[in-house]
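Fold and contact review
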Amino acid sequence: TQSPPRVSRQFPPRPSPILRSGATSSQSSAALRDARHSYDRTMLVLVVDDDPVVQQLIRAFAPLKHRLMPFWSATDLLYHLEGTELRAEDTVVVLDVCLPDMSGEEVRAKIKAMYPGLKVVMMSAGCDAELQKPFKRGEFRQVVFGEG
């Protein structure tokens, strides 16, 4: 029995990364590595809304790789944040503007006092905000995770 002849496949060379004007190869490699890391990382999303339907909607819209923690009031969130060390680059707060125990702007100011670099996404049913209710999956993912 004779074995079949080996077929040699020629693949085109892998394209080199596009370098920005004045950027060295190592700078571009670092930028690509950082971009890849930000795409692969798991985010912690702290969702503050007293409406269970909105909580369910956000859970449905968020990619499965991210961890969501629901909070039903601003007081609960602030209590949690006081005893927690968070990495601002891996955490985002999705915050309702109208909460029963305090205003969203007041909560945002307290969050920023504790964690200045933490991303806070405000959502509202009737105010100008970054995330206007009702929102669609793509809008949610774009604002919260930066996905297109």
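Below, the structure is looked at part by part. (Residues numbered from 1 in each chain as written. Predicted model: local features only at pLDDT ≥ 70, side-chain atom pairs only at ≥ 80, totals over all residues. Heavy atoms only, no water.)

1. Structural notes on the sheet that holds strand β3 (residues 91-96)
Ordered by their spatial adjacency, 5 strands build an open sheet running β2-β1-β3-β4-β5, and the pairing between neighbours is parallel. Edge positions in the open sheet fall to β2 (67-71) and β5 (131-132), since each of these has one partner strand only. In this sheet, β5 lies alongside strand β4 (residues 119-124) in parallel orientation, the contact comprising 2 bridges. Considered in β5, the bridge of Met123 is made with Leu131. (Pairing = 2+ DSSP bridges. Helix = DSSP H or I, 4+ residues; strand = E, 2+ residues; numbered from the N terminus.)

2. A word on the packing of helix α2 (residues 52-61) against helix α5 (residues 137-145)
Axis separation between α2 and α5 bottoms out at 10 Å; the angle between their running directions is 80°. Relative to α5, the element α2 is oriented roughly perpendicular. Across from Ile58, Ala60 and Phe61 in α2, the residues of α5 making contact are Arg137, Phe140 and Arg141. Split by residue class, the contact of α2 with α5 holds 4 nonpolar, no polar and 2 charged. (Axes fitted to C-alpha atoms, helices over the stretch in contact; angles between N-to-C directions. Parallel < 35°, antiparallel > 145°, perpendicular 65-115°, else oblique. Contact = heavy atoms within 4.5 Å. Nonpolar A, V, L, I, M, F, W, Y, C, P; charged D, E, K, R; others polar.)

3. Section: the nonpolar core
Soluble globular proteins: nonpolar side chains tend toward being buried together. Within the largest apolar cluster, 20 residues are counted, with the highest numbers of intra-cluster contacts made by Leu46, Leu77, Val93, Leu95, Val107 and Ile111. Elements with a minimum of two residues in this core: β1 (44-48), α3 (74-82), β3, α4 (104-114) and β4. Looking at which element gives the most residues to this core, the answer is α3, with 4 residues. If sequence neighbours within four positions are ignored, Leu95 has contacts with Val48, Gly104, Val107, Arg108, Ile111, Val120, Val121, Met122 and Met123. Counting 18 residues, the second-largest nonpolar core is a separate cluster that includes Phe61, Leu68, Val92 and Leu131. (Core = buried A, V, L, I, M, F, W, Y, C linked by side-chain atoms within 4.5 Å. Buried < 20%, exposed > 50% of the residue type's maximum accessible area, 1.4 Å probe, protein only.)

4. With respect to α3
Residues of α3 that are buried include every one of Ala74, Leu77, Leu78 and Leu81, and no others. Projected down its long axis, α3 shows its buried positions confined to an angular sector of 95°, all on one face. Each element contacted by the buried residues of α3 is listed here: β1, β2, β3 and α4. (Arc of directions from axis to C-beta.)

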